[in-house]
Amino acid sequence: MIDHLGLQCADAEAAAAFYQRVFAACGVREAMRIDTPAGPVIGLCGPDGQPQLWTSPAEDTGHRPVHLALAAPSREAVDAVFAAAREAGAEVLHEPRVWPEYHPGYYGVFLRDPDGNNVEAVHHGAPPP
């Protein structure tokens, strides 16, 4: 059900280093890094190589929403989440689309839950033809 979790950090680099050092026995290592103007977004993985724990720069020092991504069985399911979110009046952060910066088959929608958390539905499929 849970695809990945993102933590906003005062120092994303230090947080990633902490998780890699402390959880090394669990196979935690850096899988990918996306450099942004605010600082690095670092994807950590376990033995399977799939980044599932992300550290990123905090949006601001007073509000640190959690990022929770739920696995969707298909792109149609991601689109259905988008439709349900709009119907419920949720704030849509990013409409459904392919996110090639993550990988070519990454299809997701991002929205805010009632507590302000960044919630995503994501399907990992083959890239479109």
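Right above here is the structure, for reference.
Since we're looking at a predicted model, the values are computed, not measured.

Calculation criteria
- Residues numbered from 1 in each chain as written.
- Predicted model: local features only at pLDDT ≥ 70, side-chain atom pairs only at ≥ 80, totals over all residues.
- Heavy atoms only, no water.
- Core = buried A, V, L, I, M, F, W, Y, C linked by side-chain atoms within 4.5 Å.
- Buried < 20%, exposed > 50% of the residue type's maximum accessible area, 1.4 Å probe, protein only.
- Helix = DSSP H or I, 4+ residues; strand = E, 2+ residues; numbered from the N terminus.
- Contact = heavy atoms within 4.5 Å.
- Pairing = 2+ DSSP bridges.
- Axes fitted to C-alpha atoms, helices over the stretch in contact; angles between N-to-C directions.
- Polar contact = N/O pair within 3.5 Å; in protein donor to acceptor, adjacent residues only side chain to side chain.
- 1 Å grid on protein atoms, 1.4 Å probe; cavity = no way out; pocket = protein on both sides within 12 Å on 5 of 7 lines; lining within 4 Å.
- Points joined across faces, edges and corners; volume = space filled by probe spheres on them.
- Nonpolar A, V, L, I, M, F, W, Y, C, P; charged D, E, K, R; others polar.

### Describing the nonpolar core
In this structure, Ala 72, Val 78, Phe 82, Tyr 107, Val 109 and Ala 121 together form the largest nonpolar core, which totals six residues. Sorting the residues of this core by element identifies α2 (75–88) and β7 (106–112) as the ones contributing at least two each. Residues in contact with Ala 72, not counting those within four places in the same chain, are Ala 77, Val 78, Val 122 and His 123. Listed in part, the five residues of the second largest apolar core include Ala 69, Tyr 106, Phe 110 and Val 122.

### A short note on the sheet that holds strand β2 (residues 29–36)
Strand order in the open sheet formed by eight strands is β2-β3-β4-β1-β5-β8-β7-β6, and the pairing between neighbours is mixed. In this open sheet, the two strands that pair with only one neighbour each are β2 and β6 (92–98). Across the sheet, the axes of successive neighbouring strands diverge by a mean angle of 20°, strand direction being ignored. Those strands touched by helix α1 (residues 12–22) are β1 (2–9), β2, β3 (39–45) and β4 (51–57), and its axis lies near 15° from that of β3. Sheet contacts for α2: β6, β7 and β8 (118–124); angle to β7, the most-contacted strand, approximately 15°.

### Some remarks on the environment of Arg 112
Considering the arrangement of structural elements, one finds Arg 112 in strand β7. Discounting residues that sit within four places of it in the chain, Arg 112 has contacts with Glu 59, Pro 65, Ala 90, Glu 91, Leu 93, Asn 117 and Asn 118. At 3.1 Å, the side chain of Arg 112 forms a polar contact with the backbone oxygen of Gly 116.

### Brief notes about the side chain of Thr 55
With respect to the helices and strands, the residue Thr 55 is situated in strand β4. A distance of 3.1 Å separates the side chain of Thr 55 from the backbone oxygen of Ala 12, its partner in a polar contact. For Thr 55, the contacting residues outside a window of four places in its chain are Leu 7, Cys 9, Ala 12, Ala 15, Ala 16, Pro 40, Val 41 and Ile 42.

### What about the layout of surface pockets?
Looking at the largest pocket, its volume works out to about 590 Å³. Forming the walls of the largest pocket are 24 residues, and the residues nearest its centre are Ser 56, His 67, Tyr 102, Phe 110 and Asn 118. At the level of secondary structure, the elements contributing two or more residues to the lining of the largest pocket comprise β1, β2, β4, β6, β7 and β8. With four residues, β1 is the largest single contributor of residues to the lining of the largest pocket. Looking at side-chain class alone, the lining of the largest pocket contains twelve nonpolar, eight polar and four charged residues.

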